[in-house]
Amino acid sequence: MYSKDESSNIKQTFWTTFGQYISPQLSADGLKVNWVNYKTGIKHLYFKMETANRSVSIGIVIAHQDRVIQELFFEQFMELKTLLKNTLNEDWTWALHDTDEYGKTISRIYMQLDGVSVYNRADWPQLISFFKPRIIALDEFWSTAQYSFESLK
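Report follows, based on the coordinates.

How each quantity is defined
Residues numbered from 1 in each chain as written. Predicted model: local features only at pLDDT ≥ 70, side-chain atom pairs only at ≥ 80, totals over all residues. Heavy atoms only, no water. Buried < 20%, exposed > 50% of the residue type's maximum accessible area, 1.4 Å probe, protein only. Helix = DSSP H or I, 4+ residues; strand = E, 2+ residues; numbered from the N terminus. Pairing = 2+ DSSP bridges. Salt bridge = Lys/Arg side-chain N within 4 Å of Asp/Glu carboxyl O.

1. Quick look at the pairing of strand E2 (residues 55-62)
Stage number 1. Within E2, 8 of the 8 residues are buried, leaving the element largely enclosed by the surrounding structure.
Stage number 2. Here strand E1 (residues 45-51) pairs with E2 via 7 bridges, running antiparallel. Opposite Leu45, over in E2, you have Ile62 as the bridge partner.
Stage number 3. Linkage of E1 to E2, two consecutive antiparallel strands, is achieved through a turn of 3 residues.

2. Here's the deal with the pattern of salt bridges
A pair can form between side chains of opposite charge whenever their charged atoms are brought close.
Stage number 1. Inspection of the entire model under this criterion finds 4 salt bridges.
Stage number 2. Lys48 is the partner of Glu50 in a salt bridge, and the nearest nitrogen-oxygen pair spans 3.6 Å.
Stage number 3. On the basis of relative accessibility, which here comes to 34%, the residue Lys48 falls in the partly exposed class.
Stage number 4. A salt bridge links Asp91 to Lys85, with the shortest nitrogen-to-oxygen separation between them at 3.4 Å.
Stage number 5. Classification of Asp91 by relative accessible area gives exposed; the value is 53%.
Stage number 6. Its relative accessible area of 40% is what places Lys85 among the partly exposed residues.

What follows is the structure, encoded as structure tokens:
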């Protein structure tokens, strides 16, 4: 078992490594982007890559504290579900009013990979291969879809 500091250092090293690996990749709009801290430009709407002890996930997280507004965002994504699926080339899990690790109510659309660990360096190539094409696909999707969310800003 790792101490809190060791755990934090391992995760930080992984994200630094991932960031360096993907940094040459330009966005769908041809711009330089911080892939690890992807900015959607809309408050309470995030593209998150997360690592847990025995799994990793990537997803769209709607974290607005008002459940009704969360539902509006989620419904807008439902309208774009075909575009999202076609861009990702896979089905993701859709969860309206899920709970995050802090007990906060969120909604999310995500893909999870089980049986891997950020604490095992031998898994890092698999983690990078999981995250990279999906965050790039999310960016490609967002390049077109973001305008559908202008009224929800």
